[in-house]
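# Structural features, examined
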Amino acid sequence: MYELFIKLCSNIGCPSSYSEEVLRQLRSLGVTELVNEGPVEFIGGLRLLGKGQNSFVFKCKIRNLEGYYACKVRRFDSSRPSLLNEAYSVKLANEVNVGPLLINYTSDVLVMEYVNGVPLGAYLKQADYDSIKAVVKDLLMQGFKLDSIGLIHGELSRIREHVIISNRVYIIDFESASRLTKSTTNVTQLTSALMLSKGTIQAKVKEALGLRDANTLIKLLQLYKVKPSQDSFNLILRFLGLLN
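Now for a look at the structure at hand. (Residues numbered from 1 in each chain as written. Predicted model: local features only at pLDDT ≥ 70, side-chain atom pairs only at ≥ 80, totals over all residues. Heavy atoms only, no water.)

### Digging into the overall build of the protein chain
Along the protein chain, the regular secondary structure elements total 9 helices and 11 strands. In summary, the protein chain has a C-alpha radius of gyration of 19 Å against a globular reference of 18 Å for 244 residues, a match within 12%. Counting across all 244 residues of the protein chain, residues that qualify as buried make up 49%. A separation of at least 24 residues holds for 63% of the contacts in the protein chain among residues at least 6 apart in sequence. Carbon and sulfur atoms provide 50% of the accessible area of the protein chain, an area that totals close to 12000 Å². When the 30 positive and 23 negative side-chain charges of the protein chain are each reduced to one mean point, those points stand 5 Å apart. (Helix = DSSP H or I, 4+ residues; strand = E, 2+ residues; numbered from the N terminus. Rg over C-alpha atoms; globule rule 2.2 N^0.38 Å. Buried < 20%, exposed > 50% of the residue type's maximum accessible area, 1.4 Å probe, protein only. Contact = heavy atoms within 4.5 Å. Areas by Shrake-Rupley, 256 points an atom, 1.4 Å probe, with all protein chains shown as cover. Lys, Arg positive; Asp, Glu negative; His and termini not counted. Charge placed at Lys NZ, Arg CZ, Asp CG, Glu CD.)

Now the structure itself:
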């Protein structure tokens, strides 16, 4: 049932008090199995959906629910005291149809929709121009939705790690999200990461959009940052040829 977590803890030396508490929380959430599958290989040949400085993400099964889910578990050596901020942020994002659906949570475990897809970078490398335009527009619109509720993702400058393309476009990992940040917006971070940074992906996006005038785009982003609104957002979409 929880052998994958127990073996992982054995490999990295989790304190017994931490292991017992996480197991208790897994049971309380109705997690019936942690599945040894995923793109990330960890110590001892364990397979995970993801891992970071603060958490591990397991593929899992939930009692009375069909299919698979993603089970995010806070690491014992995490700098974060709990995953509650992320849970609240994902719930807010879900209210505007952004992010994986949050199923249930405790202080150290989040159970979410399992997104079985392709990382943004890999997708854009093989996508045609029409597909690239559709993804860029979708991402910018999701960024605007988050801006409209004052929720800043916080990590969209590292966009490759936080977007998955499946049956739809998903922004994932709201671990650093905040409603207190006023110095940036999701739309400006997304646009910068997709078009204004240097790299092969950014070059392909700019080519797909026919973007030649970065200075005008920067001015429009500055205008939006000062006064985020539907009008200032539409100016960005229109300039990029994404508004019909």
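### Topic: the packing of aromatic side chains
Tallied over the entire structure, the rule returns 8 aromatic pairs. On the basis of an interplanar angle of 65° and a centroid distance of 5.3 Å, the ring pair of F42 and F56 is categorised as edge-to-face. Taken together, the positions of F42 in strand 2 (residues 40–42) and F56 in strand 5 (residues 55–62) put the pair 14 residues apart, joining distant regions of the chain. Taken together, the ring pairs connect F5, Y18, F58 and F76 into an aromatic cluster. (Phe/Tyr/Trp six-rings, centres within 6.5 Å; stacked < 30°, edge-to-face > 60°.)

### Looking at the sheet that holds strand 9 (residues 118–119)
Taken in spatial order, the 3 strands of this open sheet run 9-10-11, and their pairing is antiparallel. Each end of this open sheet is capped by a strand with a single partner; those strands are strand 9 and strand 11 (169–171). Of the pairings in the sheet, the one linking strand 9 to strand 10 (residues 163–165) comprises 2 bridges and is antiparallel in character. Bridging across to strand 10, V118 finds its partner in I165. Packed on one face of the sheet, helix 5 (residues 129–148) meets strand 10 and strand 11 and runs near 40° to strand 11. (Pairing = 2+ DSSP bridges. Axes fitted to C-alpha atoms, helices over the stretch in contact; angles between N-to-C directions.)

### Points about the state of the cysteines
Overall, the coordinates contain 0 disulfides when judged by the stated rule. The thiol of C71 is unpaired, and the distance to the nearest cysteine sulfur, on C60, comes to 4.3 Å. (Disulfide = S-S within 2.5 Å.)

### Quick notes on the pattern of salt bridges
Applying the stated criterion to the full structure yields 11 salt bridges. In this structure, D108 and R74 form a salt bridge, with 2.7 Å as the shortest nitrogen-oxygen distance. A residue pair is termed long-range when its members are at least 10 positions apart, and D108 in the loop between strand 7 (102–105) and strand 8 (109–113) and R74 in strand 6 (residues 69–74) qualify at 34 residues. The pair D108 / R74 is uniform in exposure class, with both members buried. Here the residues in one salt-bridge network are K72, R80, E86, D173 and E175, joined through shared partners. (Salt bridge = Lys/Arg side-chain N within 4 Å of Asp/Glu carboxyl O.)

### Brief notes about a nonpolar patch on the surface
On the surface, L65, L101 and I103 cluster together into a nonpolar patch covering about 230 Å² of accessible area. Tracing the sequence through the fold places L101 in the loop between helix 3 (84–95) and strand 7. Here L101 falls in the partly exposed class, since its relative accessible area comes to 44%. (Patch = residues over 30% accessible without salt bridge, like charges linked within 9 Å, V, L, I, M, F, W, Y side chains within 5 Å.)

### Section: the packing of helix 6 (residues 186–196) against helix 7 (residues 200–209)
One way to put it is that helix 6 packs onto helix 7 with a least axis distance of 7 Å and a crossing angle of 95°. On the basis of the axis angle, helix 6 is roughly perpendicular to helix 7. Contact residues: A193, L194 and M195 in helix 6; Q202, V205, K206 and L209 in helix 7. Its residues assigned to classes, the contact of helix 6 with helix 7 comprises 5 nonpolar, 1 polar and 1 charged. (Parallel < 35°, antiparallel > 145°, perpendicular 65-115°, else oblique. Nonpolar A, V, L, I, M, F, W, Y, C, P; charged D, E, K, R; others polar.)

### Focus: helix 2 (residues 16–28)
The end-to-end C-alpha distance of helix 2 is 18 Å, a good match for the 18 Å that 13 residues give at a rise of 1.5 Å each. All buried positions along helix 2 are accounted for by Y18, S19, V22, L23, Q25 and L26. The arc that holds every buried residue of helix 2, seen down its axis, measures 160°, which confines them to one face. Away from its buried face, by an angle of more than 90 degrees, helix 2 presents the exposed residues S16, S17 and E20. (Expected span 1.5 Å × (residues − 1). Arc of directions from axis to C-beta.)

### Regarding the packing of helix 5 against helix 6
Helix 6 packs onto helix 5 with a crossing angle of 155° between their chain directions and a minimal axis gap of 8 Å. In terms of axis orientation, helix 5 runs roughly antiparallel to helix 6. Mapping the contact onto sequence places V136, L139, L140, G143, F144, L146 and D147 in helix 5 and N186, V187, L190, T191, L194 and M195 in helix 6. In terms of residue class, the contact of helix 5 with helix 6 is built from 9 nonpolar, 3 polar and 1 charged.

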